[in-house]
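Spelled out, the chains give:
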Amino acid sequence: MRVIVQDVYGSADVLRLREVDRPPIGENEVLVRVRAAGVDPGVWICMTGRPYAARIAFGLARPKVAVRGRALAGVVAEDCCRQALVW
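Remember, it's a predicted structure, so these values are computed and weren't measured experimentally.

Reading the values: the criteria
- Residues numbered from 1 in each chain as written.
- Predicted model: local features only at pLDDT ≥ 70, side-chain atom pairs only at ≥ 80, totals over all residues.
- Heavy atoms only, no water.
- pLDDT = per-residue confidence, 0-100.
- Helix = DSSP H or I, 4+ residues; strand = E, 2+ residues; numbered from the N terminus.
- Patch = residues over 30% accessible without salt bridge, like charges linked within 9 Å, V, L, I, M, F, W, Y side chains within 5 Å.
- Areas by Shrake-Rupley, 256 points an atom, 1.4 Å probe, with all protein chains shown as cover.
- Salt bridge = Lys/Arg side-chain N within 4 Å of Asp/Glu carboxyl O.

> Describe the confidence of the model for the protein chain, naming the residues involved and giving the relevant values.
With 93% of its residues at a pLDDT of at least 70, the protein chain reaches an overall mean of 87. When mean pLDDT is taken per element in the protein chain, strand β2 (residues 15-19) scores highest with 93 and helix α1 (residues 41-48) scores lowest with 88.

Encoded structure:
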């Protein structure tokens, strides 16, 4: 699957499109095919690493989590029982 990832702190120029393996689906989880994603001020703080005090929570030298954002709209592609759902 394709994702936008961030390996270093910085402006939007540090974001890269990358192919990654599908994440494993845990119990009581679903895999969502994202159709739209939102960006809020919190995501911007995580991406830039500023204020620097935020790096204590998000990673000092580089971000702990490479994929940004939590707000999304999409369709459930697979559930925790590994059953492919009809689109």
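Resuming the write-up.
> Lay out a nonpolar patch on the surface with the relevant residues and their values.
A surface patch of nonpolar side chains, about 370 Å² in accessible area, is lined by Val30, Val32, Val34, Leu72 and Val76. Contributing elements (two or more residues each) for the nonpolar patch: β3 (30-37) and β4 (72-79). With three residues, the top contributor of residues to the nonpolar patch is β3. Structurally, the position occupied by valine 76 is in strand β4.

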